Amino acid sequence: MSEYHCLNDMKPGQSARIRSLTATQSARRRLLDLGLVEQTRIRCVGKSPSGDPKAYLIRGAVIAIRAADGKNILIEEPASTRKLIALVGNPNVGKSTLFNSLTGMKQHTGNWPGKTVENALGSFQSKNQDYLLADLPGTYSLMAHSPEETRARDFLLSGNVDAAIVVCDASCLERNLNLALQTMELIPKVLICVNLMDEAGRHHLEIDLSALSHALGAPVVGTAARDRQGLETLLDALDSLIASPCAPEPKPIPYPPLLEASLTLLEPVVREKSGRQFPARWLSLRLLEHRLNPAFPLPANLPECLFSDPDLRQALVEADQILKAAHIQDDHLSDLLTTAIFHHAETICQRVVKKSPVRRPSGEKRLDALLTSKRTGYPLMLLLLALVFWLTIVGANYPSKLLFDLFASLESPLTSLLALCHAPAWLEDLLINGAYRVLTWVVSVMLPPMAIFFPLFTLLEDAGLLPRIAYNLDHAFQRCHSCGKQGLTLCMGFGCNAAGVTGCRIIHSPRERLIAILTNSFVPCNGRFPAILTLITLFFAPSLHAASSTLLSALLLTGVILLGIAMTFLASWLLSHTLLKGLPSSFTLELPPYRRPQLGLVLLRSLLNRTLFVLGRAVTAAAPAGVLIWILANLTWQGNSLLSVCASALTPIAAPFGLNGTILLAFLLGLPANEIVLPIILMIYLNQTTLISPDSLPTLKALLTAQGWTATTAACTILFTLLHWPCATTLMTIHKETGSLKWTLLSFLLPTAFGLTLCFLTAQAAHLIY
């Protein structure tokens, strides 16, 4: 499928991915600044009947692409009858689960805040209407103090949203109504979805939905989206809301009398001068906030005439005088509004929510007391980490061997196929012993650990344990002037550093997001585990019973990982005091309730969204690496292979760090995939032209010892495996996320500098001791 940067390049019948489109090329289509996905597949089916050469008919009602100016826009067919619905809600209220249930899309949902880092768009049908559903980022407010608040607010203010569904958590309705009340000030048609009704029942909560609807002046529906309960009622209510000629009259939030007097004076003028483009009550409040505090952000698409109209300016002066008479100035108005909204939500919940008394503490509270305690939280977190690694280590061995045997059995048929094609011997050797063997090596070593680790990691997400880990790590990250959410991205890096870098989008501060991106590769991914574990087992846990050796290896591996975490803290502290100076931002992280993981979705999501995605990126880099390794192994100079020549040349450089030239060269050639570092080392030592599996060498330790390896060499190699440059996939992801070659280069140099420093200190200390 082709990729185009201009719609004019397309021809009827072609499918493409469009990355950019200027406004002039889409003049006949409605543009919405929604912040949706970066690219999507579209199909051009012919020219527009109008004859305009720049207007095309496109299959599918909606296309989301990135415009040439860097903003995301939505393009919709002029004749589309679909209604655009905004899905709004706090983090961790089941919003994305509801989105998946309605649209059938597999939007990634997790039991911790910040999962929806980009808007997602899907479509669904009810009995009477076709809908487009936009899943906005989870946010606690629409005051536009953070990127997700601004994006959600601007979406709702675009004028193209037909209705909004506000998802609330039934177990903490009072806090969620804050966002619902703000949304009702912005959108005429709002449907309140009280989700997680099943959890509310487990917490002995009873919610009178009819009374809630009456108090809000908006339709209310109760659901349990995970079990698809109440979805039909939700769709019927949405149909009724859309079909009604006039929206229900929401009951306004009661503000203090003097503020209400200011609004009474200002609203009629704002309604007239703004052309009813924005809700008059909401815009009046924003104009007052901006007048009292010019730093308060206003929507970018406000008409310029509002700021120069004499009638509006006079009304603002008079309203301002009323507020100042009540001693309301600067940021006091924003605080007053927030207090009024929360007080109104509290008043409503007191009337509609009843809670049965529970004498003894719930199991969740007792479990939280253990997992978040300073005394027991860290030991339990380390024990959980060691358990996950032990399961990954034990479970990956047998599947890896099966994959090795399977791919080895396919070599003969592939060789025969190349012979039938009359391929020259050198090409056959290049493709089979070079590209194919490296490729299959990466798959065999990388796939089983990921297929085990990612489901375990996803289970921790769904169960609600990851937010507790982030909570425990928050204090340490705050001491480094970083963000506690970096603990979540750090955990994601254990599976794949590229996935961890992408996950840094949940961090709102650009400075803290950069720190998290630059330090994510300080924790080892699954590609580095096999080499670290092999060397630990050979040199530091030998001559033990199998079970004891495995347990000791897992404990030592956990110790190595803790060293990586400690280096992450140190690097974060250095960055925050040098290149990325600044104070830590406020840390708000909701601790969600513990939930029973959805095993089917966990397996599907971890396999498709993570394992195969990461494996696909690694495979694309592994095949070219196999070709390069084969060339270096088969070309000779003065009777020696280029691999041996390069290794000898690097030995003086590597020696002060407790390494040798062969080890350093293997790390350089292993840039596409860390899984091939140890096989390249064995390949050079044995003077072979293909990769050598450590499992195929029963005397692996004897071979390494014969090449001059000592416990110091093994320790330095483990340290450099832990801390060196990120793999090619991670570097490409860092460049995509930062858009900067400078930060990408620093992400390459920073862990390498740490690794070489630790290796140097270890080697020199061992030299002094021995």
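Residues numbered from 1 in each chain as written. Predicted model: local features only at pLDDT ≥ 70, side-chain atom pairs only at ≥ 80, totals over all residues. Heavy atoms only, no water.

When you go through the chain residue by residue, the secondary structure sums to 28 helices and 17 strands. Each of the 770 residues in the chain was classed as buried or not, and the buried ones make up 53%. If you take every contact in the chain between residues at least 6 apart in sequence, the share linking residues at least 24 apart comes to 72%. With the model as given, the accessible surface of the chain reaches about 33,900 Å², and the carbon-plus-sulfur share is 61%. (Helix = DSSP H or I, 4+ residues; strand = E, 2+ residues; numbered from the N terminus. Buried < 20%, exposed > 50% of the residue type's maximum accessible area, 1.4 Å probe, protein only. Contact = heavy atoms within 4.5 Å. Areas by Shrake-Rupley, 256 points an atom, 1.4 Å probe, with all protein chains shown as cover.)

Bringing unusual backbone geometry into the picture now. Trans is the prevailing form of peptide bonds, just as negative phi is the prevailing case for residues other than glycine. Here the phi dihedral of L196 falls at roughly 60 degrees; this positive angle occurs in a residue that is not glycine. Tracing the backbone through its elements, the reader meets L196 in the loop between β12 (190–195) and α4 (197–202). Phi is positive for R228, close to 60 degrees, though the residue is something other than glycine. Note that R228 resides in the loop between β14 (220–222) and α6 (231–243).

What follows is about helix α22 (residues 642–654). An α-helical turn contains 3.6 residues, so any two residues separated by three or four positions project in the same direction. Over its 13 residues, α22 runs 18 Å from end to end, which matches the ideal 18 Å to within 8%, given 1.5 Å per residue. Among all positions of α22, only L643, A647, L650 and A654 are buried. (Expected span 1.5 Å × (residues − 1).)

The next thing to look at is the nonpolar core. Judged by nonpolar contacts, the single largest core of 106 residues is most densely connected at F494, I676, L704 and W709. If near-sequence neighbours (up to four positions away) are discounted, F494 is found in contact with L385, F389, F453, V523, P524, C525, N526, F529, I561 and I565. (Core = buried A, V, L, I, M, F, W, Y, C linked by side-chain atoms within 4.5 Å.)

Right, let's get into the side chain of T440. Following the sequence through the fold, T440 ends up in helix α14 (residues 425–463). By relative accessible area, which is 10% here, T440 ends up buried. Of the polar contacts made by the side chain of T440, one reaches the backbone oxygen of R437; its length is 3.1 Å. (Polar contact = N/O pair within 3.5 Å; in protein donor to acceptor, adjacent residues only side chain to side chain.)

Looking at the element boundaries, V88 is found in strand β8 (residues 83–89). Note on V88: relative accessible area 2%, which makes it buried. Sequence-wise, V88 and R153 are 65 residues apart; in three dimensions their C-alpha atoms are separated by 10.0 Å.

If you walk through the whole model with that rule in mind, you get eight aromatic pairs. When the ring of F477 is compared with that of F569, the centres are 4.8 Å apart and the planes differ by 65 degrees; the resulting orientation is edge-to-face. You can see F477 sitting in helix α15 (residues 466–479) and its partner F569 sitting in helix α20 (residues 546–577), a full 92 residues away along the chain. With relative accessibility at 0%, the residue F477 sits in the buried group. Geometrically, the ring pair formed by F720 and W725 is edge-to-face, given 5.6 Å between the ring centres and 85 degrees between the ring planes. The same class applies to F720 and to W725, which are both buried. An aromatic cluster of at least three residues, connected via ring pairs, comprises F667, F720, W725 and F748. (Phe/Tyr/Trp six-rings, centres within 6.5 Å; stacked < 30°, edge-to-face > 60°.)

Look at α14 against helix α16 (residues 486–495): their axes get within 9 Å of each other, and the N-to-C directions meet at 155 degrees. It follows from the interaxial angle that α14 and α16 lie roughly antiparallel. Contact residues: F453, F454 and F457 in α14; C491, M492, F494 and G495 in α16. Among the residues forming the contact of α14 with α16, the class breakdown is six nonpolar, one polar and no charged. (Axes fitted to C-alpha atoms, helices over the stretch in contact; angles between N-to-C directions. Parallel < 35°, antiparallel > 145°, perpendicular 65-115°, else oblique. Nonpolar A, V, L, I, M, F, W, Y, C, P; charged D, E, K, R; others polar.)

This brings us to the pairing of β8. Most of β8 sits out of view: six of its seven residues are buried. With five bridges connecting them, β8 and strand β10 (residues 130–135) associate as parallel partners. Residue pairing across strands places L87 opposite D135, the latter belonging to β10. Looking at chain direction, β8 and strand β11 (residues 163–169) are connected through five bridges and run parallel. Each bridged residue has a counterpart across the sheet, and for I85 the counterpart in β11 is A163. (Pairing = 2+ DSSP bridges.)

Before going further, it helps to examine the pattern of salt bridges. Side chains that carry opposite charge are capable of pairing whenever their charged atoms lie near each other. Evaluation of the coordinates by the stated rule reveals eight salt bridges. D236 is the salt-bridge partner of K127, the closest N and O atoms lying 3.8 Å from each other. In this pair, K127 sits in the loop between β9 (120–125) and β10 while D236 sits in helix α6, placing the two residues 109 residues apart along the sequence. With a relative accessible area of 64%, K127 lands in the exposed category. (Salt bridge = Lys/Arg side-chain N within 4 Å of Asp/Glu carboxyl O.)

Attention shifts here to the pairing of β11. Among the seven residues that make up β11, seven are buried, leaving the element largely enclosed by the rest of the structure. Strand direction decides the pairing type here: β11 and β12, joined by six bridges, are parallel. Residue pairing across strands places D169 opposite N195, the latter belonging to β12. With helix α3 (residues 173–186) bridging β11 and the parallel β12, this β-α-β connection has right-handed handedness. (Right-handed = clockwise from strand over helix to strand, strands pointing away.)

On the surface, a cluster of nonpolar side chains totalling about 460 Å² of accessible area is made up of L406, L410, L414, L417 and L420. Note that L410 resides in helix α13 (residues 377–420). Overall, L410 belongs to the partly exposed group, its relative accessible area being 37%. (Patch = residues over 30% accessible without salt bridge, like charges linked within 9 Å, V, L, I, M, F, W, Y side chains within 5 Å.)

Another aspect to go through is helix α10 (residues 310–325). For α10, with 16 residues, the first-to-last C-alpha span of 23 Å sits near the 22 Å given by 1.5 Å per residue. Where α10 terminates, the next one or two residues include H327, which has phi positive at roughly 60 degrees.

Moving on to the confidence of the model for the chain. When pLDDT is averaged along the chain, the result is 76; 78% of the residues meet or exceed 70. Within the chain, the lowest mean pLDDT, 33, falls on strand β3 (residues 30–32), and the highest, 94, falls on helix α26 (residues 711–722). Note on residues 1–79: pLDDT is under 50 here. Beyond four places in sequence and across chains, it has 180 contacts. Across residues 108–117, where pLDDT falls below 50, the model places 50 contacts with residues more than four positions away in sequence or in other chains. (pLDDT = per-residue confidence, 0-100.)

Now for the side chain of N520. Topologically, N520 is positioned in the loop between α18 (510–519) and α19 (529–540). The buried category is assigned to N520, whose relative accessible area is 3%.

Tallied over the entire structure, the rule returns zero disulfides. Not part of a disulfide, C193 finds its nearest cysteine sulfur in C168, a span of 8.0 Å. In this structure C525 is not part of a disulfide, and its nearest cysteine sulfur, from C727, lies 6.0 Å away. (Disulfide = S-S within 2.5 Å.)

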